[in-house]
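# Residue-level structure breakdown
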Amino acid sequence: MNDKHMLDPDDPTGARDVRDGLLEAVSPVALSPERADALKQRLLARVRASRAAGADFIHVRLDEGEWGRLVPGVRVKRLCGDARSVLLELQPGAAIPFHRHHEDEECVVLRGEAQLGDITVRVGDYHLARSGSRHGVVRSSGGALLYLRGTPIGHGMEVARDVISALLPGRGQVPITVHRDEGEWTERQPGVRLKLLHDEGHERSLLLSLAPGAHADFRDPPLDRECLVIEGEAFAGDRLLRAGDYQLAPDGVRQPPFSSDVGSLLFVRSSSRPAA
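Note that the structure is predicted; figures quoted are calculated from it, not measured. All chains use their own residue numbering, which begins from 1 and follows the written sequence. Local features in a predicted model are, by the rule used here, given only for residues with pLDDT of at least 70; side-chain atom pairs are given and counted only at 80 or more, and totals for whole chains, interfaces and linings are based on all residues. Working from all heavy atoms in the structure, the side-chain values ignore hydrogens and water.

## A short note on the nonpolar core
We define a nonpolar core as any set of buried Ala, Val, Leu, Ile, Met, Phe, Trp, Tyr and Cys residues linked to one another through side-chain atoms lying within 4.5 Å. The classification of residues rests on relative accessible area computed with a 1.4 Å probe and restricted to protein chains. Under 20% of the type maximum is buried, over 50% is exposed, and intermediate values are partly exposed. Counting 19 residues, the largest nonpolar core has Tyr126, Tyr147, Ile230, Tyr246 and Phe267 as its most contacted members. Looking at this core, the elements with two or more residues in it are β3 (74–80), β7 (105–116), β9 (126–129), β12 (144–149), β18 (224–236), β20 (246–249) and β22 (264–271). If you look at the next biggest cluster of nonpolar residues, it comprises 17 residues, including Leu88, Leu90, Val121 and Leu148. Counting from the N terminus, the helices are the DSSP runs of H or I reaching at least four residues and the strands are the DSSP runs of E reaching at least two.

## Structural notes on the pairing of strand β15 (residues 192–199)
At least two bridges found by DSSP between two strands are what make those strands a pair. Alignment of strand β14 (residues 186–189) against β15, held across three bridges, turns out to be antiparallel. Bridge pairing in β15 places threonine 186 opposite leucine 194. Taken together, β14 and the strand that follows it, β15, pair antiparallel across an intervening segment of two residues, in which glycine 191 is found at a positive phi of about 80 degrees. Taken together, the seven bridges between β15 and strand β16 (residues 203–210) define a ladder with antiparallel strand orientation. Note on β16: the bridge partner recorded for arginine 193 is serine 209. Remark: three residues form the turn of the hairpin made by β15 and β16, two consecutive strands paired antiparallel; glycine 201 in that turn has positive phi of roughly 90 degrees.

## Some remarks on empty space enclosed by the protein
Definitions used for this entry: grid spacing 1 Å over protein atoms alone; cavity, a set of points where a 1.4 Å probe fits but cannot get out; pocket, an open set with protein on both sides within 12 Å along at least 5 of 7 lines; lining residue, one with an atom within 4 Å of a point. Grid points are joined across faces, edges and corners, and a volume is the space filled by probe spheres set on the points. Per the stated rule, a full pass over the model turns up one cavity of 30 Å³ or more. Here the largest cavity is characterised by a volume of approximately 90 Å³. What lines the largest cavity is a set of 10 residues, and nearest its centre among them are Arg204, Leu206, Phe218, Arg225 and Val268. Mapped by element, the contributors of at least two residues to the lining of the largest cavity are β16 and β22. Per-element accounting of the lining of the largest cavity gives the leading share, three residues, to β16. In this count, Pro and Cys sit with the nonpolar residues alongside Ala, Val, Leu, Ile, Met, Phe, Trp and Tyr, while Asp, Glu, Lys and Arg are called charged and the others, Gly among them, polar. Here the residues of the lining of the largest cavity are counted per class, giving five nonpolar, one polar and four charged.

This is the structure:
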């Protein structure tokens, strides 16, 4: 074959032209009414099975749910009351007063950057404020979207307690911050990498990275597992999750496998019962 007629693998435009030409040359295949109906029934059965499999999950998409005002320039959306998980959005220049934590609070940045006291965190960064510690003012000059777990936001008396108790002396334990470019990645399966962020034995938080086309199936059932998409898109079973979407697999419900066509970065937190 003459070189000029050969397909250059580094020429995406030429590859698309060949693909489009082949598709145009393919004639549609007419199915018999019986086969068409059988195919329809199979698809409907798949939809019903997928819906049933996800009936016990809690799903909150970024564009769903109700946002409430916390302080001027800051709004919050509760994801799961029992897990005390929220999304917190700071407008440019907005701030939250300094406060004390009475439980461990985890933070993951989904958009923009924020200053947590004297610590700056950006997309994909993880921050853990330990119980008893005191946070400086939380602010964002350009705006930010944060995921928080273990927060009293939504419980007015507890929020007031955290702000008032911050006036008392004592800083508590030093917070843990893991920036996106820090820490070690472990390849779990082809195209699937994990980075452990925090491990309390019966509770673990990690980042899950899926390469395009990767498939991750975790068969060790936890007590519950929360996942939040930071970047890209991922499928949890048949359900498509995009950046900012949240899913909770509760106690006794097995988490479906994750996969991604385009690549994705997720925050995953799992819990299991402590050993007796």
